[in-house]
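Survey of secondary and tertiary structure
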Amino acid sequence: MFASRIKKLLLVSAVLASAAGSPARADSYYSSFGLGLPRYYVSQKATGMGGAGIGIADPFALNTMNAAANQTGVATCLGVQFDYEWVQSASTLGEVQTANGNAAGVQFIFPLKNRITFISLLRPLTISRFMLKADLKADTLTYSHIIKGNGGLSAGSLGLQYNLNDRVMVAGLINFNFGTIKEEWQYTFAPSGYVNSDDQYNSHLSGITYDLGVLLKPVQRLGVGLIYKTGRDLKQKTDISASSGFSQTLPEGTIRYPGAFGFGVSLSVAKTVWALDYYQQDWSAYRVNGVSREAFKDYQRIGGGVEYSQSSRPTDRYLQRIAWRLGAYSAQLPYANAAGDAVGEQFITAGVSLPFKRDNGRIDMAVELGLRGERTHFLYEEKILRFSVSVMGRERWFATGRN
Amino acid sequence: MKPLLALGLAASLLAAGCTHDKPLPSGFDDLQRPDKGELKTVELRAVDSGRFWTAPVVGLAPTLLFGQFADTRSFLLLQFSGLSEIDTANVRSATVYLHQVSRFGDGDAFSAIVRPVTAEWTESEVAWDKAKNHYDPAVEWGRFEVPAADSGWFSFALDTTAVDGWIRDASKNFGVLLEFNQADYMAVLNSSDSDTSAGYGRFVYTTRAGVLDTVVSTISKDASLLIHQGAVAAETLEPRPDRLWIDDAAGYRSLLRFDLSSLPGNATVHHAVLTLHIDQSASTLPKGGLAITCNAVVNDSLWRPATLAADTLATYPGGYAYSDQSQLVFSGTTATRAMAALVQNWVLRNPPNYGMLLTGPYGADAARISLYTGVDQPEYTPKIEITYSIPPTTKF
């Protein structure tokens, strides 16, 4: 029964993978910069705990940030995530609400040999989605000039995790980065005698980066995670397709996708798990064809949270096995205003984990409520409510000799 | 069950709440981009012009032209159907009725002669050059006067022996040619391709039983045979004349070219208005206006009339010129959009900018419009106002 269910999940995840081209975020003005807003995701468990999870090893938390922290043992694991987001964007001229959702990631992990686990991931790295409109007038002619942005950078990752001695785990991933940043520029005229236009600018990105992760467990209840992600000049090719019939492929260029590092600690105390993470991505190194285009700052994020679960024994009552999570995080986004001040965002998070099928699966849900930017120094203040859900299942498919 | 519920919840959210096309209330101006594109308007003057004429082939036009106006005259070809149903060859009378709807020019009634046609002809192909050798100018099958009227029916009698001959041998029924020696105006008649009041023949005959009977036969085929007698030979380009002509009876059409080199190759054309200045003193425009269409020249930068071809797009710029206007402005919604498409194609070099061909409804009437080229009066040079956008700087 369960085997058929996880195969269904596999099928669903394949569908999700095909839908991964569309961002799982609502509109944000700040996603109009660079490659879009960085999407920080560790695991669904971490999402409810302020995103902190680099140092958490949990058999039911498929860790995409620190691959070394995947403690899946002999089980083959599959996880899929959805994000759904509401954003109220307010400027001095008014406000607008947008909402959007989509698949947000797939993980498929299985044991290869003694202490070696194969890891495959599909995840968005940056997300861009916005629509800006200018109502203009030239003499008596009224018209609108509109830009719609959509897309982002994603990564398909393959790698191995090695469990050295249950106290030291290391992992490496090779990330096949890909994605399309789409821009749609429109002219819409009030008089019907004018021809509206809709021009598509699609920038295709590709390139390989690498992730390294380490998880140290000096004592059973303490976890320390370290990650390092390489940066890379991604290949970039822009196709222009105008409604006028004009089309052009621009010469191939490069975009520097920056490297990152982070660390996190986790501590189990009684029925709680506490976690704290710091992460930094070197967006100040962002370059387009070797040239710095905008005032980019480093992305810095600090988050922490706690999980409470009355029991983890499968034999206990269901309600006792439900895990509850709380957390918060603060991040400095890569984009700065003219004065050099970087945009920030602050969120509080909450989550719940529901076991199913004899404790071999988890439905993890999280809610994040936050604020991005403000109107004193920046153009927009964005109030964000994000709901995310992950379905994760594990079962033994292969005999590996491991216990 | 629970995972399916979770998946269902996620799918419902996706299906119910995705929003699009909600622009943020500001931010376009602050979008970090060196150039966000720009809308521009430019007014260009014609840099080249020309005119030529070709004899119109107008057998399928809804009107017939008979008479003379200015330096163009027109004869008529008529052919009747249904005569084989008459069961005798004893025709007592044959009368042809034609319906005049207007005329170009004034003057007295003019005399016309009916001549036999000696060979088969096709409406879609016949012109004077082909027909002039296939009728018998020595035989007269009737003579009549075209009344000096603006409109109304008139008729003429046809030689009954000729009709007898058509009844006896339908393969000899090639119809008649109506000609004249001199006329002061050109009558516009409804043709067999008109929806209303087309001409017909009325044939009175005695049946084999000795009964007097009448049959009305429609005109199955007709065509105007237009003969332009200008100083310039047909299919001869007159470059840079001081006036452009579009003449429905003579077959004059005109060419214009604008220099679009100031428009970038990636410009998007949103609007284009062509303005032509009319020399009313040399124009004859009907009350309902003269329809003029513009098509891009697709194959000949040298404008050789014999090989010049225009586009055959489904929509093309068009406008009406009226006798009380000093300008013909192609400003209608359809016209500006179609003109924008035409200019856009030039910008994309699809086809290259070989210019445009201005034409009228040839054979429909004897209207003529004379347009300034700016050669003698530069302020009246044809102009085109183009609104276009240049694209933004690409994001990367």
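Residues numbered from 1 in each chain as written. Chains lettered and ligands numbered in written order. Predicted model: local features only at pLDDT ≥ 70, side-chain atom pairs only at ≥ 80, totals over all residues.

Within chain A, the secondary structure is distributed over three helices and 18 strands. With the principal axes as the frame, chain A shows a C-alpha extent of 75 × 40 × 40 Å. The contacts of chain A with a sequence gap of at least 6 include a subset with a gap of at least 24, amounting to 66%. (Helix = DSSP H or I, 4+ residues; strand = E, 2+ residues; numbered from the N terminus. Contact = placed C-beta atoms within 7 Å.)

What follows is about the overall build of chain B. Across its full length, chain B carries four helices and 21 strands. By the compact-globule yardstick of 21 Å for 396 residues, chain B is too spread out, its C-alpha radius of gyration being 29 Å. Every one of the 396 residues in chain B was classed for burial, and the buried ones make up 43%. Of all intrachain contacts in chain B linking residues separated by at least 6 positions in sequence, the fraction that spans at least 24 positions is 83%. (Rg over C-alpha atoms; globule rule 2.2 N^0.38 Å. Buried ≥ 20, exposed ≤ 12 C-beta atoms within 10 Å, placed from the backbone.)

Our focus in this paragraph is the confidence of the model for chain B. Low pLDDT marks regions whose predicted coordinates should not be analysed in detail. Chain-level pLDDT for chain B is 91 on average; 94% of the residues reach the 70-or-more range. Scoring the predicted complex yields pTM 0.87 and, for the interface, ipTM 0.87. (pLDDT = per-residue confidence, 0-100.)

All names here are of chain B. Here helix α3 (residues 160-168) has its buried residues at V163, W166 and I167. Projected down its long axis, α3 shows its buried positions confined to an angular sector of 100 degrees, all on one face. Of the surrounding secondary structure, the elements contacted by the buried residues of α3 are β4 (91-104) and β10 (200-206). (Arc of directions from axis to C-beta.)

Further remarks concern the interface of chain A and chain B. In this assembly, 62 residues from chain A lie in contact with 42 residues from chain B. Tallying contributions element by element places strand β3 (residues 94-113) of chain A first for the side of chain A that touches chain B, with eight residues. The residue inventory of the side of chain A that touches chain B, partitioned by class, reads 35 nonpolar, 20 polar and seven charged. (Nonpolar A, V, L, I, M, F, W, Y, C, P; charged D, E, K, R; others polar.)

The subject of this paragraph is the domain arrangement of chain B. Residues and elements named next belong to chain B. Each assigned domain of chain B is listed with its residue range as follows: domain 1 (38-54 + 234-390) and domain 2 (63-228). Measuring from the centre of the C-alpha atoms in domain 1 to the corresponding centre in domain 2 gives 37 Å. Tallying the contact residues gives nine residues for domain 1 and 11 residues for domain 2. Looking at the side of domain 1 that touches domain 2 residue by residue, the classes come out as five nonpolar, three polar and one charged. (Domains from an automatic or database assignment.)

Moving on: unusual backbone geometry. The residue after N350 of chain B, namely P351 of chain B, is reached through a cis peptide bond having omega 5 degrees. Mapped onto the fold, P351 of chain B is located in the loop between α4 (333-347) and β19 (356-359). In this structure, D166 of chain A is a non-glycine residue whose phi angle is positive, near 65 degrees. Tracing the backbone through its elements, the reader meets D166 of chain A in the loop between β5 (141-163) and β6 (168-189). The phi dihedral of A270 of chain A is positive, around 55 degrees, even though this residue is not glycine. Tracing the sequence through the fold places A270 of chain A in the loop between β12 (260-269) and β13 (272-281).

Moving on to the pairing of β19 of chain B. Residues and elements named next belong to chain B. Burial along β19 is two-sided: the residues M356 and L358 and L357 and T359 are all buried. Two strands pair when backbone bridges link them, and strand β14 (residues 252-258) and β19 are joined in this way by three bridges, in the antiparallel orientation. Within the sheet, the bridge partner assigned to L255 lies in β19 and is L357. In terms of strand pairing, strand β16 (residues 290-296) meets β19 through four bridges, oriented antiparallel. Opposite T293, over in β19, you have T359 as the bridge partner. (Pairing = 2+ DSSP bridges.)

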